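Structural description and commentary
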Amino acid sequence: MPSSLTIGSTLKLNTGAHLPILGFGVWDSPQNLTVKSCLEALKVGYQHIDTAQGYSNEKEVGEAVKQSGKARKDIYVTSKIWEAGSDVDSTYERCAGSVKKIAGDDGFLDLMLIHNAAVGAEPRKNMWLAMEKLHAEGKFKSIGVSNYGIGHIEDMKSYAKVWPPAVNQLELHPWLQQREIVEYCHKNGIVVEAYCPLVRNQKADDPTLNEVAKKHGKTTAQVLVRYCIDKGWSPLPKSDNPGRIAQNAVVFDFQLGKEDLEKLDAMPQETPLVLAVDNKSTA
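About the criteria used
- Numbers given for residues are sequential positions, taken from 1 along each chain in its written order.
- For this predicted model, a pLDDT threshold of at least 70 governs which residues receive local features, and a threshold of 80 or more governs which side-chain atom pairs are given and counted, while totals over whole chains, interfaces and linings are taken from all residues.
- Only hydrogens and water are set aside when side-chain values are computed; all heavy atoms of the structure are taken into account.
- UniProt positions are given in the numbering used here, feature names are shortened, and annotations may be inferred rather than shown by experiment.
- Per the convention used, a helix needs a DSSP run of H or I reaching at least four residues, while a strand needs a run of E reaching at least two, with both numbered from the N terminus.
- To pair, rings of Phe, Tyr and Trp, with the six-membered ring standing in for Trp, must have centres within 6.5 Å; the planes then decide the type, stacked if under 30 degrees apart, edge-to-face if over 60, and tilted in the middle.
- Burial here depends on accessible area, computed with a 1.4 Å probe over protein chains only, as a share of the maximum for the residue type. Under 20% is buried, over 50% is exposed, and the range in between is partly exposed.
- Look at NZ for Lys and CZ for Arg. If either is within 6 Å of the ring centre and within 35 degrees of the ring normal, a charge sits over the ring.
- Strand pairing requires that DSSP identify at least two bridges connecting the strands.
- Looking down the strands as they point away from the viewer, one classifies a crossover as right-handed if the path from the first strand across the helix to the second runs clockwise.
- A contact between two residues is defined here by any heavy atoms of the two lying within 4.5 Å.
- For salt bridges, the criterion is a side-chain nitrogen of Lys or Arg within 4 Å of an Asp or Glu carboxyl oxygen.

1. A look at the UniProt feature "domain: NADP-dependent oxidoreductase" (unreviewed entry) in the chain
- Residues given the UniProt feature "domain: NADP-dependent oxidoreductase" (unreviewed entry) here are residues 35-266.
- Helix makes up 44% of residues 35-266 and strand 15%, with an end-to-end C-alpha separation of 38 Å.

Here's what the structure looks like:
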């Protein structure tokens, strides 16, 4: 990634839309803090907020967007559908519910994802077909997936009108690089988003990570966010601490060198915090 990147830089999706290169995650953000945290993030320059039906804070994200004073076009909002209905029509209503909660009856979402491939083949199909309808109606500007392996994405070809998905959101950090699916996504024009990029602060004492951070005069969290950016991924760091929210965005005044990336790439691949995809499964 070029060193000229800024917090306003974007990655181009296969829909022609542009995804902000840095996102703000609100997983596990309690409802009483979500609005405040999102407003803090928007104030310091984040342009993308990533929520989900399963986070139970879509409404609060929508409230933050309203309170921010920014034009809707200047804030990129993502949500995810957690569970399909019994058919495409009922699933459509569940998807439309996210639009209503976040953006109101006349609003839209910039990106909608299927949260997890593990729900099964038929629910995945119902979700995608429902999302395609909302995409065609302009309610979802782009549609994508999360936690999908290669088999799941290939299986979509049997029913999808919109293929490939615009995005695949995965758990990614030096200790879980998921190289096979990442390479597949890059080859097929699917933008990769990285959740848990900070490894939930579990690697803050890692000697190699600290060595790289000291070299650049940065925190370990800033190095981990920049690592994702230099790998061509869009990281979604999460925090409800105002100081850390701001700090995690100060990653465009340095760049990891080849040696730094090689050291971090060489980290042992460990058990995921959330999920490593199964690239062979279509179940």
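Right, picking up where we left off after that structure.
2. Regarding the packing of aromatic side chains
- All chains considered together, the criterion is met by two aromatic pairs.
- Taking 5.4 Å as the distance between ring centres and 65° as the angle between the ring planes, the aromatic pair formed by F24 and Y46 counts as edge-to-face. In this pair, F24 sits in strand β3 (residues 24-25) while Y46 sits in the loop between α1 (31-44) and β4 (48-50), placing the two residues 22 residues apart along the sequence.
- For Y46, a relative accessible area of 2% gives the class buried.
- On the basis of an interplanar angle of 85° and a centroid distance of 5.8 Å, the ring pair of Y227 and W233 is categorised as edge-to-face.
- Sitting over the ring of F108, K141 keeps its end group 4.8 Å from the ring centre.

3. Section: the pairing of strand β8 (residues 167-171)
- With respect to burial, β8 is a largely interior element, five of its five residues being buried.
- Here β8 shows a buried face lined by V167, Q169 and E171 and a second buried face lined by N168 and L170.
- Inspection of the sheet shows β8 paired to strand β9 (residues 191-195) by five bridges, in the parallel sense. Each bridged residue has a counterpart across the sheet, and for E171 the counterpart in β9 is Y195.
- Read from β8 through helix α6 (residues 179-187) to β9, the crossover connection turns out right-handed.

4. Observations concerning the UniProt feature "binding site: substrate" (unreviewed entry) in the chain
- As recorded in UniProt, the sites labelled "binding site: substrate" (unreviewed entry) are H115.
- When you line up the elements, H115 lands in the loop between β6 (109-114) and α4 (121-136).
- In this view, H115 contacts A52, Y55, K80, I81, W82, S146 and N147; residues no more than four positions away in its chain are not counted.

5. Details of the pattern of salt bridges
- Under the counting rule described, the total for this entry stands at 18 salt bridges.
- Salt-bridge contacts for E40 lead to K43; the nearest nitrogen and oxygen are separated by 3.6 Å. With a gap of three residues between them, E40 and K43 both fall in helix α1, about one helical turn apart.
- Owing to a relative accessible area of 63%, K43 belongs among the exposed residues under this scheme.
- The shortest N-O distance in the salt bridge between K231 and D265 comes to 3.0 Å. In this pair, K231 is assigned in the loop between α8 (220-230) and β10 (234-235) and D265 in helix α10 (residues 258-265), connecting sequence segments 34 residues apart.

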